[in-house]
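# Survey of secondary and tertiary structure
If you want the building blocks of each chain, they are given just below.
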Amino acid sequence: MIAIIDYDAGNLTSVARAVTYLGYENVVTRDVRQVLAAERIIFPGVGAAGSAMTSLKQLGVDIALHDAFQRGIPILGICLGTQIIMEYSEENETPCAGLVPGTVRAFSPDLRDADGARLKIPHMGWNRIELQQEHPVLAGLKPSDEFYFVHGYYPDPLHADHIVGKTRYGIEFASVIGYRNIIATQFHPEKSGHPGLNLLHNFCHWTL
Amino acid sequence: MLSKRIIPCLDVRNGKTTKGVQFKGNVDIGDPVEMARFYYENGADEIVFYDITASSDKRDIMIDVVRRVAETIFIPFSVGGGIRTVEDMRAVLLAGAEKISVNSAAILNPDLISQGARAFGNQCVVLGMDVKFVGKRPEIPSGYEMVINGGRRPMGIDALEWAQRAESLGAGEICLNSIDADGTQDGYEISLTSLISSNVSIPVIASGGAGKPEHLLDVLTRGHADAALVASMVHYGAYSISEIKSFLHSHGVKVRNTW
């Protein structure tokens, strides 16, 4: 069973629908026991880091997540979930779950493209991934594939070898992070058409 | 870099799409779910549904459409029309839409924007704007005025001022419809789109007037739009989304061209 963690951080129905569409049993849950019993975990989220982290702690799910991580359970972070697994977020100056070393930073309000034109924030829409290393969950990815992003903050892992994919938006940032049994995307695979569904499918099969 | 988005817009009344669509093959042209699937498979970057159901007691029909669309397509989609309260927003978002769009209800009650943004995040709240050119005068310094009821009712509010105010209230995106260009298929209102897009820091979707791919090229370059809405030009089979994208790509506009 795949547990999709519900911690009052946005609407998780689209993640559940995509996984169901692919034919995998899943449960949207905030029950610590279900999280601990899961064979794989999807950790999504939309919203602000501060309130998400507060809610995660209140539910006790932060401890369950750590436990699953230590036991080698495959974990997929999505969007805010990918930020929450880092150590610290500049958003609301929030200490986060700390599964992956690094910080979550805000895009500069003066972000500009190569021609000097000011870029809009949040980074919202379709963008590409430049693969930095092979990863089973990214198998089948084509350089021209694009993914749907909506975010004003981005993860900045401490160690370059934890960066699986990078994306350009004024700067280059880590859009896919891989560390042991964690794979985490800043974009929304559940809203990224076939390339996104392929990534979810790969995750549902990933064995370490 | 971000791709420019091409977004088909579907009008839905009582759970059925209203425009006669000439699809080849076996697509049920009255079914919004089938049409959404068709556009999804053809490379649409997002889909906008506009619920024009007149009576509020039939809202549940639209919620059911939203739920079925969400089970079928895996790209973002938004729903507008008839959304007047945070509870209306919640129902649509929980059914599976990414975004809700508010238009006249936000003009009459601007707090709706901030309430929605607080409850669901700015990225969920799209401000729909219907705008008419009236010429510059003291209360309309940009020359563009907000209108409601399909353009019949002028509101005495300057379009640029309203766009900037909505952004500060928490709108995450603007869908900018020119009443003058709407339905003409003669091209988007470039100066209006450029004016609004250059003076807000949230994305602007241009709407109204699309008739051929050159119009999209124009509004996505000279008009500085982040995305372009298309309706009749794709609904009646004159162009496909993938054809439009090939055209834009060959003219140097970055679009998503694999899906």
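Here is a short report on the structure shown in this document. (Residues numbered from 1 in each chain as written. Chains lettered and ligands numbered in written order. Predicted model: local features only at pLDDT ≥ 70, side-chain atom pairs only at ≥ 80, totals over all residues.)

Along chain B, the regular secondary structure elements total 10 helices and 11 strands. The C-alpha radius of gyration of chain B comes to 17 Å, within 12% of the 18 Å expected for a compact globule of 259 residues. For chain B, the spread of C-alpha atoms along the three principal axes comes to 55 × 45 × 35 Å. Long-range contacts, defined here as pairs at least 24 residues apart, represent 63% of the contacts in chain B between residues at least 6 apart. (Helix = DSSP H or I, 4+ residues; strand = E, 2+ residues; numbered from the N terminus. Rg over C-alpha atoms; globule rule 2.2 N^0.38 Å. Contact = placed C-beta atoms within 7 Å.)

A word on the packing of helix 3 (residues 86–94) of chain B against helix 5 (residues 111–120) of chain B. Residues and elements named next belong to chain B. Interaxial distance between helix 3 and helix 5 falls to 10 Å at its minimum, and their mutual angle equals 40 degrees. In terms of their interaxial angle, helix 3 and helix 5 are classed as oblique. Regarding helix 3 and helix 5, the two cross each other, and that crossing is right-handed. Between helix 3, through Val86, Met89 and Leu93, and helix 5, the contact on the second element is made entirely by Gln115, Gly116, Ala119 and Phe120. Broken down by class, the residue content of the contact of helix 3 with helix 5 amounts to 5 nonpolar, 2 polar and no charged. (Axes fitted to C-alpha atoms, helices over the stretch in contact; angles between N-to-C directions. Parallel < 35°, antiparallel > 145°, perpendicular 65-115°, else oblique. Left-handed = near helix turned anticlockwise from the far one by under 90°. Nonpolar A, V, L, I, M, F, W, Y, C, P; charged D, E, K, R; others polar.)

Moving on: the interface of chain A and chain B. Contacts between chain A and chain B engage 30 residues on the former and 24 residues on the latter. Mapped onto the side of chain A that touches chain B, the elements with two or more residues apiece are helix 1 (13–21), strand 8 (123–128), strand 10 (146–151), strand 12 (163–169) and helix 6 (193–205) of chain A. The element best represented in the side of chain A that touches chain B is helix 1 of chain A, accounting for 5 residues. Looking at the side of chain A that touches chain B residue by residue, the classes come out as 11 nonpolar, 10 polar and 9 charged.

All names here are of chain B. Across the 6 residues that make up strand 9 (residues 173–178), a large majority, 6, are buried. Of the two faces of strand 9, the one carrying Glu173, Cys175 and Asn177 and the one carrying Ile174, Leu176 and Ser178 are both buried. Across 6 bridges, the pairing between strand 6 (residues 125–133) and strand 9 is parallel. Looking at the pairing, valine 131 lines up with serine 178 of strand 9. A crossover connection joins strand 9 to the parallel strand 10 (residues 204–207) through helix 7 (residues 190–198); in handedness this β-α-β unit is right-handed. (Buried ≥ 20, exposed ≤ 12 C-beta atoms within 10 Å, placed from the backbone. Pairing = 2+ DSSP bridges. Right-handed = clockwise from strand over helix to strand, strands pointing away.)

Considering the arrangement of structural elements, one finds Ser201(B) in the loop between helix 7 and strand 10. A count of 13 C-beta atoms within 10 Å places Ser201(B) in the partly exposed class. Ser201(B) sits 28 residues away from Glu173(B) along the chain, and the two C-alpha atoms are 9.0 Å apart. Ignoring any residue separated from it by four or fewer positions in sequence, one finds Ser201(B) in contact with Lys120(A), Ile121(A) and Glu167(B).

This paragraph deals with the packing of helix 8 (residues 213–221) of chain B against helix 10 (residues 241–250) of chain B. Residues and elements named next belong to chain B. Closest axis-to-axis distance for the helix 8/helix 10 pair is 9 Å, and the angle between their directions is 50 degrees. What the angle tells us is that helix 8 and helix 10 run oblique. By crossing handedness, the relation of helix 8 to helix 10 is classed as right-handed. Contact with helix 8, carried on its side by Pro213, Leu216, Leu217 and Leu220, involves Ile244, Phe247 and Leu248 of helix 10 and no other residues of that element. For the contact of helix 8 with helix 10, a count of residues per class yields 7 nonpolar, no polar and no charged.

Looking now at the environment of Ile241(B). Residues and elements named next belong to chain B. If you trace the backbone, isoleucine 241 turns up in helix 10. Counting along the chain gives 28 residues from isoleucine 241 to proline 213, while the straight-line C-alpha distance between them is 9.6 Å. Discounting residues that sit within four places of it in the chain, isoleucine 241 has contacts with Ile6, Pro8, Tyr39, Asn42, Gly43, Ala44 and Val234.

What follows covers the sheet that holds strand 6 (residues 94–95) of chain A. Residue and element names in this part refer to chain A. A sheet is described by the order of its strands in space; here 4 strands give the open sequence 6-5-7-11, paired in mixed fashion. Edge strands, defined here as strands with exactly one partner in the open sheet, are strand 6 and strand 11 (153–157). Alignment of strand 5 (residues 88–89) against strand 7 (residues 102–106), held across 2 bridges, turns out to be parallel. Within strand 7, the residue paired with serine 89 across the bridge is valine 104.

We now examine the environment of Gly196(A). Inspection of the secondary structure assignment puts Gly196(A) in helix 6. Classification of Gly196(A) by C-beta neighbours within 10 Å gives buried; the count is 23. The sequence separation of Gly196(A) and Ala38(A) amounts to 158 residues, and the corresponding C-alpha distance is 22 Å. Each residue touching Gly196(A), except ones within four places of it in the same chain, is listed here: Phe147(A), Pro189(A), Glu190(A), Lys191(A) and Phe74(B).

On to helix 3 of chain B, then. Residues and elements named next belong to chain B. What helix 3 keeps buried is the set Asp88, Met89, Val92 and Leu93. For helix 3, the buried positions fall inside an angular range of 125 degrees around the axis, keeping them on one side. Along its buried surface, helix 3 packs onto helix 2 (59–70), strand 4 (77–80), strand 5 (99–102) and helix 5. Directly after helix 3, the chain includes glycine 96, whose backbone phi takes a positive value near 125 degrees. (Arc of directions from axis to C-beta.)

The next thing to look at is the nonpolar core. Residue and element names in this part refer to chain B. Counting residues in each nonpolar core, the largest one holds 151 residues, and the members touching the most others are Ile100, Ile174, Ile205 and Ala228. Looking at which element gives the most residues to this core, the answer is helix 1 (residues 32–41), with 6 residues. Ignoring anything within four residues of it in the chain, the contact list for alanine 228 reads Ile6, Ile7, Ile205, Ala206, Ala210, Leu216, Val219 and Leu220. (Core = buried A, V, L, I, M, F, W, Y, C linked by C-beta atoms within 7 Å.)

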